[in-house]
Amino acid sequence: MRGGLWQLGQSITRRLAQSDKKTIARRCYASEADLKKTVLYDFHVTHGGKMVPFAGWSMPIQYKDSIMESTLNCRENGSLFDVSHMCGLSLKGKDCIAFLEKLVVADVAGLAPGTGSLTVFTNEKGGAIDDSVITKVTDDHIYLVVNAGCRDKDLAHIEEHMKAFKAKGGDVGWHIYDERSLLALQGPLAGPTLQFLTKEDLSKMYFGEFRIIDINGAKCFLTRTGYTGEDGFEISVPSENAVDLAKALLEKSEGKIRLTGLGARDSLRLEAGLCLYGNDMEQHITPVEAGLTWAIGKRRRAEGGFLGADVILKQIADGPSIRRVGIISAGPPARSHSEIQNESGESIGEVTSGGFSPCLKKNIAMGYVKSGLHKPGTKVKIAIRGKTYEGSITKMPFVATKYYKPT
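Structure report, in brief. (Residues numbered from 1 in each chain as written. Predicted model: local features only at pLDDT ≥ 70, side-chain atom pairs only at ≥ 80, totals over all residues. Heavy atoms only, no water.)

**Points about the pattern of salt bridges**
Thinking step 1. One pass over the structure, following the stated rule, counts 17 salt bridges.
Thinking step 2. Close ionic contact of glutamate 230 with arginine 75 constitutes a salt bridge, the shortest N to O distance being 3.0 Å. Note that glutamate 230 is positioned in the loop between β11 (218-223) and β12 (232-238) and arginine 75 in helix α3 (residues 67-76), a separation of 155 residues in sequence.
Thinking step 3. Judged by relative accessible area, arginine 75 falls into the buried class, the value being 9%.
Thinking step 4. Across the salt bridge formed by arginine 211 and glutamate 209, the nearest N and O atoms sit 3.2 Å from each other.
Thinking step 5. Through salt bridges that share partners, Arg75, Glu230, Glu271 and Lys402 make up one connected network. (Salt bridge = Lys/Arg side-chain N within 4 Å of Asp/Glu carboxyl O. Helix = DSSP H or I, 4+ residues; strand = E, 2+ residues; numbered from the N terminus. Buried < 20%, exposed > 50% of the residue type's maximum accessible area, 1.4 Å probe, protein only.)

**A few points about helix α5 (residues 151-167)**
Thinking step 1. With 17 residues, α5 ought to run about 24 Å at 1.5 Å a step, and its terminal C-alpha atoms sit 24 Å apart, in line with that.
Thinking step 2. Within the sequence span of α5, burial applies to Arg151, Asp154, Leu155, His157, Ile158, Met162 and Phe165. Looking straight down α5, one finds its buried side chains confined to an arc of 160°; they lie on one side. The outward face of α5, more than 90 degrees from its buried face, is lined by the exposed residues Asp152, Glu160, Lys163 and Ala167.
Thinking step 3. Where α5 is buried, its residues meet β4 (87-92), α4 (96-100), β5 (115-122), β6 (128-138), β7 (141-146) and β8 (173-176).
Thinking step 4. Where α5 ends, the next residue or the one after it, glycine 169, has phi of about 100°, a positive value. (Expected span 1.5 Å × (residues − 1). Arc of directions from axis to C-beta. Contact = heavy atoms within 4.5 Å.)

**Some points on the side chain of serine 132**
Thinking step 1. With respect to the secondary-structure elements, serine 132 resides in strand β6.
Thinking step 2. Judged by its relative accessible area of 2%, serine 132 is buried.
Thinking step 3. Those residues within four positions of serine 132 in sequence are excluded, and the remaining contacts are Ser117, Leu118, Thr119, Phe121, Leu144, Val145 and Val146.

**Quick notes on the pairing of β4**
Thinking step 1. For β4, the buried fraction is high: five of the six residues fall into the buried class.
Thinking step 2. As defined by bridge partners, β4 adjoins β8 across four bridges and the pair is classed as antiparallel. By the bridge assignment, lysine 92 is partnered in β8 with glycine 173. (Pairing = 2+ DSSP bridges.)

**Re the nonpolar core**
Nonpolar side chains tend to gather and get buried jointly when the protein is soluble and globular.
Thinking step 1. In terms of nonpolar packing, the biggest core is built from 27 residues, with Leu80, Leu194, Ile215, Leu222 and Ile235 touching the most fellow members.
Thinking step 2. Going through the elements one at a time, β9 (180-186), α6 (190-195), β10 (210-215), β11, β12, α7 (242-252) and β13 (257-259) are the ones with two or more residues in this core.
Thinking step 3. At six residues, α7 tops the list of elements feeding residues into this core.
Thinking step 4. Ignoring sequence-local partners within four residues, the contact set of leucine 222 consists of Leu194, Leu202, Met205, Glu209, Phe210, Arg211, Ile213, Ile215, Phe233, Glu234 and Ile235.
Thinking step 5. Val104, Val108, Leu144 and Val146 belong to the second largest nonpolar core, which has 23 residues in total. (Core = buried A, V, L, I, M, F, W, Y, C linked by side-chain atoms within 4.5 Å.)

**Observations regarding the state of the cysteines**
Thinking step 1. Under the criterion given, the structure shown has zero disulfides.
Thinking step 2. Between cysteine 96, a free cysteine, and cysteine 87, which holds the nearest cysteine sulfur, the sulfur-to-sulfur gap is 17 Å.
Thinking step 3. Cysteine 96 gets classed as buried once you look at its relative accessible area, which sits at 0%.
Thinking step 4. The thiol of cysteine 220 is unpaired, and the distance to the nearest cysteine sulfur, on cysteine 87, comes to 18 Å. (Disulfide = S-S within 2.5 Å.)

**Concerning the packing of aromatic side chains**
Thinking step 1. With the rule as written, the count across this model stands at eight aromatic pairs.
Thinking step 2. Seen from their ring centres, phenylalanine 99 and phenylalanine 165 are 5.3 Å apart, and the 55° between their planes marks the pair as tilted. With phenylalanine 99 in helix α4 and phenylalanine 165 in helix α5, this pair connects stretches of sequence that are 66 residues apart.
Thinking step 3. Judged by its relative accessible area of 1%, phenylalanine 99 is buried.
Thinking step 4. Ring geometry for phenylalanine 207 and tyrosine 403: centres 4.2 Å apart, planes at 20°, overall stacked. Of this pair, phenylalanine 207 sits in the loop between α6 and β10 while tyrosine 403 sits in the segment after β19 (387-394), and the two are 196 residues apart along the sequence.
Thinking step 5. Among the residues examined, tyrosine 403 registers a relative accessible area of 22% and is labelled partly exposed. (Phe/Tyr/Trp six-rings, centres within 6.5 Å; stacked < 30°, edge-to-face > 60°.)

**Some details on the sheet that holds β13**
Thinking step 1. An order of β10-β11-β12-β9-β3-β13 is seen for the six strands of this open sheet, with the pairing classed as mixed. Each edge of the open sheet carries a strand with a single partner, namely β10 and β13. Between one strand and the next, the sheet's axes are offset by a mean angle of 25°, whatever the strand orientation.
Thinking step 2. Where β11 meets β12, three bridges bridge the pair, whose relative direction is antiparallel. Among the inter-strand pairings, leucine 222 is bridged to a residue of β12, identified as isoleucine 235.
Thinking step 3. Where α3 meets the sheet, it contacts β3 (78-82), β9 and β13, and its direction lies at approximately 115° from that of β3. (Axes fitted to C-alpha atoms, helices over the stretch in contact; angles between N-to-C directions.)

**Observations regarding the packing of α3 against helix α8 (residues 262-271)**
Thinking step 1. Contact geometry of α3 with α8 gives a least axis separation of 8 Å together with a crossing angle of 55°. Classified by the angle between their axes, α3 and α8 sit oblique to one another. Taken as a pair, α3 and α8 cross one another with a handedness that is right-handed. Residues Ile67, Ser70, Thr71, Cys74 and Arg75 of α3 lie in contact with α8, whose contacting residues are Gly263, Ala264, Ser267, Leu268 and Glu271.
Thinking step 2. Here the contact of α3 with α8 is built from residues that sort into four nonpolar, four polar and two charged. (Parallel < 35°, antiparallel > 145°, perpendicular 65-115°, else oblique. Left-handed = near helix turned anticlockwise from the far one by under 90°. Nonpolar A, V, L, I, M, F, W, Y, C, P; charged D, E, K, R; others polar.)

Function cannot be read off these values alone, since they describe shape.
Below is the structure:
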């Protein structure tokens, strides 16, 4: 069985490398010499990390385990990801909430201190500039993390609007945490393992909550969140303490939590039905079309006040013309840009992400179809390399989420 898993992992790795050639060109990834490295780069290489270019960084796509083995181990035990390529920042000042609410769809003011939510930065047409997890630390401090591939445009967008806001007397400033690293600890052993390294009672910290606490002797920003569908944490740690923290987490788990790369991270988030910006969300896709209407607070729906609000609120009222859906299909796994057809062979949409699910042992995908054809159970065909294969629309997540919430 191990040989088969290994071969599948190698196949996925080759496929990712091949399919990413156009993506790499499109996203203007740096040449090998120009790639940035996280402080854990040598740690990755020492532990067998296979390094690949991603969003201008040299990042591990996998380690000695296959992608399939890593995916299953995250669900059964746990995974440790280096996500230091992502950009953490704080907005501070008495008007920081009012400022941020001009740029995102979330009801930031309505969040309790120490809690957060997924949100979307929108443009004037209602399209998604990026998705982000934001946290209201206090009424005058917001902490957020934006995607690595969107860092430059996100920061330019925030800065442009901040200058205009401050010119009108608004009190807001920011700090970008380039001096910190970011680790994601995910899976059923995440809580018990992290508990060894902090005096904070993690059993009283629930999904979406945020604390600034001491972990392994370092002052960390801890958020109970993740990108796998599992219980887990994202830990912002001073970069000089990052390697020691990674070593301690692996040691305390007695080898059950393993270093995990981008390959398994992608299969985990797909199984959890989570969007990958640049694939499943882009500048022309609104939060409503992406199935993220739940992230638009009730007060924001009533008041608007964010970029593109007129387009988004009209879609909420009238319904969007397209919708993001989950798909299970036969044949080879569907890939980004595979055409989705109805049973008569007419084009009704396009796949945005797809692959073989290590947990379900079947092909899963997500994409966009015309409204009215988005209901679970709808039969479709997926066009792959000149042939069509049977499929059906299904609810997401494909694998049930296990977020740690109050009972």
